[in-house]
Every structure is written in C-alpha cells, then in structure tokens.
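Each chain, written out:
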Amino acid sequence: MSQPSSPGHHAMPPASHDAMHEHQGSLRGYLTGFLLAAILTVIPFWLVMGHAIANQQVLILVILALAIVQIFVHIVYFLHLDTRSESGWNMMAFIFTAVLVIIVLGASIWVMYNENVNMMPMAPQYQQHPISHQPTGKQASR
Amino acid sequence: MNTTAIDTAPPAPADYYCLTESPPRNGTLLGFWIYLMSDCFIFASLFACYAVLGTAYAGGPTGAEVLDLPGLAVNTALLLVSSVTFGFAMLEMARGRKGAMLGWLAVAGLLAAAFVSLEIREFLGMIAEGAGPGRSAFLSSFFTLVATHGLHVTLGILWLVVLVVQSIRFGLTEDNVRRLRCLSMFWHFLDLVWVGVFSYVYLVGVVR
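Summary of the structure given here. Keep in mind it's a predicted model, so treat the numbers as computed, not measured.

Criteria and cut-off values
- Residues numbered from 1 in each chain as written.
- Chains lettered and ligands numbered in written order.
- Predicted model: local features only at pLDDT ≥ 70, side-chain atom pairs only at ≥ 80, totals over all residues.
- Heavy atoms only, no water.
- Phe/Tyr/Trp six-rings, centres within 6.5 Å; stacked < 30°, edge-to-face > 60°.
- Helix = DSSP H or I, 4+ residues; strand = E, 2+ residues; numbered from the N terminus.
- Buried < 20%, exposed > 50% of the residue type's maximum accessible area, 1.4 Å probe, protein only.
- Axes fitted to C-alpha atoms, helices over the stretch in contact; angles between N-to-C directions.
- Parallel < 35°, antiparallel > 145°, perpendicular 65-115°, else oblique.
- Left-handed = near helix turned anticlockwise from the far one by under 90°.
- Nonpolar A, V, L, I, M, F, W, Y, C, P; charged D, E, K, R; others polar.
- Salt bridge = Lys/Arg side-chain N within 4 Å of Asp/Glu carboxyl O.
- Polar contact = N/O pair within 3.5 Å; in protein donor to acceptor, adjacent residues only side chain to side chain.
- Contact = heavy atoms within 4.5 Å.
- Core = buried A, V, L, I, M, F, W, Y, C linked by side-chain atoms within 4.5 Å.
- Domains from an automatic or database assignment.

### Focus: the packing of aromatic side chains
All names here are of chain B.
Okay, step 1: Enumeration over the complete set of coordinates arrives at 19 aromatic pairs over all chains.
Okay, step 2: When the ring of Phe32 is compared with that of Tyr35, the centres are 5.3 Å apart and the planes differ by 50°; the resulting orientation is tilted. Residue Phe32 and its partner Tyr35 are located together in helix 2 (residues 28–53), separated by three residues, close to a single helical turn.
Okay, step 3: Arranged with centres 6.3 Å apart and planes meeting at 70°, the rings of Phe123 and Phe142 form a pair that is edge-to-face. Here Phe123 is found in helix 5 (residues 98–128), whereas its partner Phe142 is found in helix 6 (residues 137–170), with 19 residues between them in sequence. For the pair shown, Phe123 and Phe142 are each scored as buried.
Okay, step 4: Grouping aromatic residues by their ring pairs yields a cluster made of Tyr50, Tyr57, Phe115, Phe123, Phe138, Phe142, Phe143, Trp194, Tyr200 and Tyr202.

### Remarks on the packing of helix 4 (residues 69–94) of chain B against helix 7 (residues 174–207) of chain B
Residue and element names in this part refer to chain B.
Okay, step 1: Two elements in contact, helix 4 and helix 7, have axes whose closest approach is 10 Å; the angle formed by their N-to-C orientations is 160°. Here helix 4 is positioned roughly antiparallel relative to helix 7, judged by the angle of their axes. In this structure, helix 4 meets helix 7 at a crossing whose hand is left-handed.
Okay, step 2: Its residues assigned to classes, the contact of helix 4 with helix 7 shows 17 nonpolar, seven polar and two charged.

### What to know about the pattern of salt bridges
All names here are of chain B.
Okay, step 1: This model, assessed by the stated rule, comprises four salt bridges over all chains.
Okay, step 2: Put simply, Asp175 and Arg178 hold a salt bridge, and the shortest N to O gap is 3.3 Å. Here Arg178 and Asp175 lie together in helix 7, a separation of three residues that amounts to about one turn.
Okay, step 3: The partly exposed category is assigned to Asp175, whose relative accessible area is 35%.
Okay, step 4: Judged by its relative accessible area of 23%, Arg178 falls in the partly exposed class.

### A few points about the side chain of Ser83(B)
Okay, step 1: Mapping Ser83(B) onto the fold places it in helix 4.
Okay, step 2: At 2.7 Å, the side chain of Ser83(B) and the side chain of His188(B) are in polar contact.
Okay, step 3: If we ignore the near neighbours within four places in the chain, the residues touching Ser83(B) are Phe78(A), Trp187(B), His188(B) and Asp191(B).

### What about the nonpolar core?
Okay, step 1: Counting residues in hydrophobic clusters, the biggest one holds 91 residues, and the most contacted among them are Trp33(B), Phe142(B), Trp194(B), Val201(B) and Tyr202(B).
Okay, step 2: Looking at this core, the elements that each hand over two or more residues are helix 2 (27–49), helix 3 (56–77) and helix 4 (89–118) of chain A together with helix 2, helix 4, helix 5, helix 6 and helix 7 of chain B.
Okay, step 3: Of all the elements, helix 7 of chain B adds the most residues to this core, at 21 residues.
Okay, step 4: Residue-level mapping places this core at the junction of two domains, with at least three residues from each of domain 1 (25–80) and domain 2 (83–118) of chain A.
Okay, step 5: Once residues lying within four places of it in the same chain are set aside, the contact partners of Trp33(B) are Leu79(A), Leu81(A), Asn90(A), Ala93(A), Phe94(A) and Met185(B).

Pasting the structure below:
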C-alpha cells in the first residue's frame, strides 16, 4: 500500500485479493443489470399509468411478478450472489431468509384475510361514522 | 462431593470435524450479509403489515388519491442510477483508482440525497393535505414502511460520507476496502427493497 494511486491491482493487499474476486462485478454485469432493471421498472409504471390492463387482479399479479423478477436481477447483477462466494454460506443464508419471508408474508395475508372475511358484522353504533372523514383540498378537486 | 472422577479425567479430545470449508479469513462480508438478511425480516414484517392494513382507509383518502406516481418514477430512477454508480465506484476501487472511485461515490451519494429530499417533500405534502400517518391504518402502515426505508438510505448516506473522508485521509487500505464493500452491499440491498416498495406499496396501492 505504499502507492495507493498505482493503476495495477497490486494496490490491493494480497490478503483481500481472493475475497475481491468472489464478489466483484464487471462493468458489463452492472450495465446488463441496469438495463434489465430499467426495463422491468418501466413496464409496470406504463401498465399502471397507461391503464393498459383493465382487469385489476391480472394487473396486480403482473406487477408482482415483474417485481420478483427484478429483485432477482438485483441479487444476481448488483449483489453478486452466487453459490461459490463465502463457500456458499451467502446462498444458504439467502435461501433461509427467502423461505421465512415467504412464510411471514403469505401466512399474514392468508390468516388476516380469513379473519376479516369471517368476522361477525359490526353493530352500526360501533362502526366509524362516515362524517369523520374530512375531505382534503386535493380530494375535493377530484 | 463426587466430582473427583470428572476432575481427574483427561480433557476430551476435540472431536469435531470441518465437514465443509470454513468461511474465508475475512468473515466480515459474510457477517454483513447475514445482517442484511435479518434486515429483510424487518422489511418483510412491515410489508406484511401493509398488505393487511393497506385497504383500511377508515373513511380517509385511498392510495389512488394520495400517492404521486410521477414523483415515484423520479425517485425510483434516482435510486436505481445511484445503485449502478456505486457499482462503478466499486469497480474503480478494485482497480485501485481512488480519485475515480471518490467521484462515483459522490455521484451515488448525491443521487441518494436527492431521493431522500424528494421523499421528505412528498411526506410533508401528504401530511399538509391531512393524509398523515395518524389518519388511517393504511397511512400508518404506509408511512412506517416507506420511512423505515428512507431512514436506511439516510444512514447509508451518513456512512458513505464517513467512508469518503476515511478514504481521502488514509487511502484504500484493507480496512477501508472492506468497509466500502459492506456499504456497497447495503446500498444495493436498499435498492432491492425499493423494488418491493414501488411495486407493492405504490403501484398496487394505486390500483386496488
């Protein structure tokens, strides 16, 4: 490290050199990731703002599917997750997290949806009074 | 006391085996990755909260009324470009070019700062309209999730400033390289979470 500004990779201490190669992306990788992410971002925006799909359920499913694909693009091209780095422990931690996140999200939505559907109807005096909604300036103009 | 037999017994030999290769000497990156995975749980629970409460408007404004899609598009672009420029900084770092790395880091930091300031402006506008976090369960869960992400980005910017100063003063030492690699993962991770936020919270929130 006597010459931090030297152009070669000798500026890196040898100890971190191996770790370097494992996670390091390439210019091509970042640009590919950027291009894919941009496309996968523009499509859902266009679908929503251009009212391209009339069916609400289909639209939501398409948005979520594109988001999941884009998350994987970020993981591969920006976070450089692969099975080799850190002897595969990164991947193990990621798979474990993904399984738990799916359980947390899926089970919450499933349980609370059924809870809501099966709840006894509320007596009118306990329901929130519609008058409590004060229309704001922005809504009043619509 | 009948412990003599235990006390005089020879120490048991180490009888564990490394069945798989142990992580490399420098375990910081793996440790930081595990921190990010635990951060995933924070966001997953906030997403679950929003998924459950996202339509509980309590007679207040709905997502389509308060969420600003053109502003969201600008914010999304800022964060994505910031993520890529941080990647460019890492490539320059790997080549040992400190000046170019600092330049890209500055660009990434400024883009993220623009993101945070636009988000704060959006929040203040919503609160001024009467659509603050106290209005309905939908808005409470919205503000909690989006502001938690914004707080992460803000702390990331603070961390970036500290590391830029460190790199200027001490150069690309092994310690600084390791810290910058952790920050790089943090930065890309926040962009990844934002994909979930703009897709699910905003776009789906507007549609449903």
